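In case you want the letters, here they are:
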Amino acid sequence: MKVLIRGAGVAGLTLAFELATRGASVTMVEKRRQVAGNASWQAGGMLAPWCERESAEEAVLSLGRSAPDWWSAALPGHVMRNGTLVVAPARDVAELDRFGRCTSGFRELDAETIAALEPDLEGRFGRALFFTEEAHLDPRKALLGLQEKLVRMGVRFEFGYGSVQAPGRADVEADCTGMADARPGLRGVRGEMLVLRTSEVSLARPVRLLHPRVPVYVVPRSGNLFMVGATMIESDVGGSITARSVMELLNAAYALHPAFGEAELVETGVGVRPAFADNLPRVERNGKDIRINGLYRHGFLLAPAMARQAADMILGQETKKERAHEAHH
Amino acid sequence: MLKLYDIEVSSRLLLGTALYPSPAIMAEAIGASGADIVTVSLRREASGGKTGGQFWSLIQSLGVRVLPNTAGCHSVKEAVTTARMAREVFGTSWIKLEVIGNHDTLQPDVFGLIEAAKILAAEGFEVFPYTTDDLVVAGRLLDAGCKVLMPWCAPIGSARGPQNLDALRSLRGHFPDVPLIVDAGIGRPSHAATVMELGYDAVLLNTAVAKAGDPVAMAAAFGKAVDAGRQAFLAGPLEPRDMAVPSTPVIGMAAFS
């Protein structure tokens, strides 16, 4: 089975891995010159389906809960299973109650247990929700790691060939190009992020700061880096980050810990997430064409489940177990 | 029937379009509420003056009238520029005018609001000013050319409900013929019913529905509460009394002799 995959973002790379593991011959075509720079590159890398349930449908939890295991198996050592901490400024603790009502899978922490978990946050918050099963990874390292692994597995990468018609030798063509694939009903949701560097704060896990207006998360990465994200704007306009978004993200980081005020602002980024009206991803098949799209803000969380579904379709291996899983939901 | 700038509207509930879990849920909630006017923020939902194509198509497909707003503007100049952009993008001269004076409370800057309202009314805009419950400011906004007023009942998104019923009553009493829409601060259907019982013409809300556990069910609940409040106002509710008044008919006292 020869499969051509367009788009080397998280959807394309996970599908390539799923297919190559099952013995298919895979070629990847990417219009960029390298993996870096797409919407996946700007991701937070949180594998947090319980937290996402605050605003997402149940399917995000049922499809996303196995994501940490998928990533651990594909890229040993990349996944950090330290959970997620959710806090709120003192005057917005009502938001914490609301968040708790919409979600499950957490323990309530008090000031003491927060300090035990994240010593740098000692004395800053009286209450928190701790989502114990959640995980995170560095999305850029994961994308590059997956690419490297795929090359070793014999997957061919062709960069800089976005518009060129692919050779018609593939049995199946899979489109994983996100916003570039103009599906009916697909819209762009602009997300902005920034990266701070400071050695004065250390966090072991992503921290979400609830705020009625600008909820943000801070995800620790190696090298004293912290990714702060992410805005959600109903627009498919890319371009640079706006001054207001920088201000809001920085304000929130500063509210989490004042030392972020002294951090270096080493990067800002903008990505446009592809989403359908229900904010859920889809695998669609039309003859020899397969497409995965609409991963929205859940790329790293839901790409493994979508890749599995698409690979099952392509290789005709829809197992009884997975059918039962779908029927269950 | 309620008339806003010569347009007849059937629903007295106006809904915002921000903060929903997904556009699909937003569309369903708007349908369940019965609202026929929705507000759309140009700034946040249309970066760079270009509407988010699909999001905008979805709103257009709902068959509701759009009231663009200048949410997030902190100066007269910003608000006026945003209003002009909104007229181009949304093809309507309606504008919900917001000039924020305090970042923390999102309290309107009423001085800037009056100034911006004057400029926009002179340019042919039909201005819906988001204001406080201050009576004198309300008068100045009418002088500026506004034909609808939208006082808050509590800070935006606070869900506190009516904080100053006397001020709301006073506004209603002084401007019996001006459409008055309570905008901001409504948290629960009972809040909406309360201001409608005072004789307010309509209610505008967003967060109370969008951030509810089940936005669609909450939208329906608000639709009913607004209707109930309106009907109660028309039916003439009782005023509170200090003494108990028996409600059982007294036909003949039993004689114990």
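Residues numbered from 1 in each chain as written. Chains lettered and ligands numbered in written order. Predicted model: local features only at pLDDT ≥ 70, side-chain atom pairs only at ≥ 80, totals over all residues. Heavy atoms only, no water.

K.L.:
Please clarify how the pairing of strand E8 (residues 156-159) of chain A should be interpreted in this entry.
P.N.:
Looking along a regular strand, one sees the side chains alternate between the two faces of the sheet. Residue and element names in this part refer to chain A. By the alternation rule, side chains of E8 split into Phe157 and Phe159, which are all buried, and Arg156 and Glu158, of which none is buried. In this sheet, E8 lies alongside strand E2 (residues 25-30) in parallel orientation, the contact comprising 4 bridges. Each residue of the ladder has a partner; that of glutamate 30, found in E8, is phenylalanine 159. (Buried < 20%, exposed > 50% of the residue type's maximum accessible area, 1.4 Å probe, protein only. Helix = DSSP H or I, 4+ residues; strand = E, 2+ residues; numbered from the N terminus. Pairing = 2+ DSSP bridges.)

K.L.:
Would you mind showing me how to read the sheet that holds strand E15 (residues 282-286) of chain A here?
P.N.:
The strands making up a sheet associate through hydrogen bonds between their backbones, and the pairing can be parallel or antiparallel. Residues and elements named next belong to chain A. Taken in spatial order, the 6 strands line up as E8-E2-E1-E9-E16-E15 in an open sheet, and their pairing is mixed. The open sheet terminates on both sides in strands that have one partner only, identified here as E8 and E15. Strand-to-strand twist across the sheet, computed as the mean angle between neighbouring axes with direction ignored, equals 20 degrees. Relative to strand E16 (residues 289-293), strand E9 (residues 172-175) is paired through 3 bridges, and the arrangement is parallel. Following the sheet pairing, glutamate 173 is matched in E16 by aspartate 289. Packed on one face of the sheet, helix H1 (residues 10-21) meets strand E1 (2-6), E2, E8, E9 and E16 and runs near 170 degrees to E2. (Axes fitted to C-alpha atoms, helices over the stretch in contact; angles between N-to-C directions. Contact = heavy atoms within 4.5 Å.)

K.L.:
Help me understand the packing of aromatic side chains, please; the structure alone is not making it clear to me.
P.N.:
For any pair of aromatic rings, geometry is given as the distance between the ring centres together with the angle between the planes. If you walk through the whole model with that rule in mind, you get 9 aromatic pairs over all chains. Measuring from centroid to centroid gives 5.3 Å for tyrosine 5 of chain B and phenylalanine 128 of chain B, while their planes differ by 50 degrees, and the two rings are tilted. With a gap of 123 residues between them, tyrosine 5 of chain B in the loop between strand E1 (2-4) and strand E2 (7-9) and phenylalanine 128 of chain B in strand E7 (residues 126-131) connect regions that are remote in the sequence. Here tyrosine 5 of chain B and phenylalanine 128 of chain B have matching classes, each one buried. Connected via pairs of aromatic rings, a cluster forms that spans Phe17, Trp70, Trp71 and Phe300 of chain A. We note lysine 96 of chain B situated over the ring of tyrosine 130 of chain B; from NZ or CZ to the ring centre the distance is 5.7 Å. (Phe/Tyr/Trp six-rings, centres within 6.5 Å; stacked < 30°, edge-to-face > 60°. Lys NZ or Arg CZ within 6 Å of the ring centre and 35° of its normal.)

K.L.:
Is there a simple way to explain the pattern of salt bridges in this structure?
P.N.:
Pairing between side chains of opposite charge can happen when the charged atoms of each approach one another. Residue and element names in this part refer to chain A. This structure, assessed with the given rule, holds 28 salt bridges over all chains. A salt bridge links arginine 6 to glutamate 173; the shortest N-O distance between them is 3.3 Å. In this pair, arginine 6 sits in strand E1 while glutamate 173 sits in strand E9, placing the two residues 167 residues apart along the sequence. Grouping residues by exposure puts arginine 6 and glutamate 173 together as buried. Residues arginine 297 and glutamate 52 are paired through a salt bridge, measuring 2.9 Å at the closest nitrogen-oxygen approach. Taken together, the residues arginine 297 in the loop between E16 and helix H9 (299-315) and glutamate 52 in helix H2 (residues 49-52) connect sequence positions 245 residues apart. Taking relative accessible area as the criterion, arginine 297 reaches 30% and is therefore assigned partly exposed. (Salt bridge = Lys/Arg side-chain N within 4 Å of Asp/Glu carboxyl O.)

K.L.:
I would appreciate a short explanation of unusual backbone geometry in the present structure.
P.N.:
Most of the time, phi is negative for any residue but glycine, and the peptide bond is trans. All names here are of chain A. Between glycine 229 and the following residue, alanine 230, the backbone shows a cis peptide bond with an omega angle of -15 degrees. Looking at the secondary structure, you find alanine 230 in the loop between strand E13 (225-229) and helix H8 (243-256). Not every positive phi belongs to a glycine, and tyrosine 296 is a case in point at roughly 55 degrees. Checked against the element boundaries, tyrosine 296 lands in the loop between E16 and H9.

K.L.:
What am I meant to see in H9 of chain A here?
P.N.:
With 17 residues, H9 of chain A should reach 24 Å at 1.5 Å per residue; the first-to-last C-alpha distance of 23 Å fits that figure. Of all 17 residues in H9 of chain A, 13 are buried; the element is thus mostly enclosed. (Expected span 1.5 Å × (residues − 1).)

K.L.:
What is the right way to look at the interface of chain B and chain A in this model?
P.N.:
Interfaces are often described in size by the accessible area the parts lose on coming together. If you look at the interface, chain B gives 20 residues, while chain A gives 21 residues. Carbon and sulfur atoms supply 47% of the area that chain B and chain A bury against each other, a total of about 1900 Å² over both sides. The tally of links between chain B and chain A comes to 2 salt bridges. Of the charged contacts in the structure, one is a salt bridge between aspartate 104 of chain B and arginine 91 of chain A, with a shortest N-O distance of 2.9 Å. Inspection of the region where chain B meets chain A yields 6 residue pairs in polar contact (both at pLDDT 80 or more). Going through the elements one at a time, helix H1 (23-33), helix H2 (42-45) and helix H3 (53-61) of chain B are the ones with two or more residues in the side of chain B that touches chain A. Along the lines of polarity and charge, the residues of the side of chain B that touches chain A split into 7 nonpolar, 7 polar and 6 charged. (Buried area = accessible area lost by both parts, 1.4 Å probe. Polar contact = N/O pair within 3.5 Å; in protein donor to acceptor, adjacent residues only side chain to side chain. Nonpolar A, V, L, I, M, F, W, Y, C, P; charged D, E, K, R; others polar.)

K.L.:
Would you take a moment to explain the packing of H1 of chain A against helix H7 (residues 139-152) of chain A for this structure?
P.N.:
To describe two helices that pack against each other, one gives the angle between their axes and the distance between the axes. Residues and elements named next belong to chain A. At a closest axis distance of 10 Å, the pairing of H1 and H7 adopts a crossing angle of 35 degrees. Handedness of the crossing formed by H1 with H7: left-handed. Contacts between H1 and H7 involve Val10, Leu13, Thr14, Ala16, Phe17 and Ala20 on the former and, on the latter, Leu143, Leu146, Lys149 and Leu150. Broken down by class, the residue content of the contact of H1 with H7 amounts to 8 nonpolar, 1 polar and 1 charged. (Left-handed = near helix turned anticlockwise from the far one by under 90°.)

K.L.:
Just checking my understanding: could you explain the confidence of the model for chain B for this structure?
P.N.:
Parts of the model with low pLDDT should not have their predicted coordinates read in detail. Residues and elements named next belong to chain B. Considering every residue of chain B, the mean pLDDT works out to 90; 94% of them sit at 70 or more. At the low end of the mean pLDDT range in chain B sits H2, at 60; at the high end sits helix H8 (residues 189-197), at 97. Of the regions scoring below 50 in pLDDT, residues 45-49 engages in 19 contacts with residues more than four places distant in sequence or in other chains. Confidence metrics for the complex model read pTM 0.80 and ipTM 0.70. (pLDDT = per-residue confidence, 0-100.)

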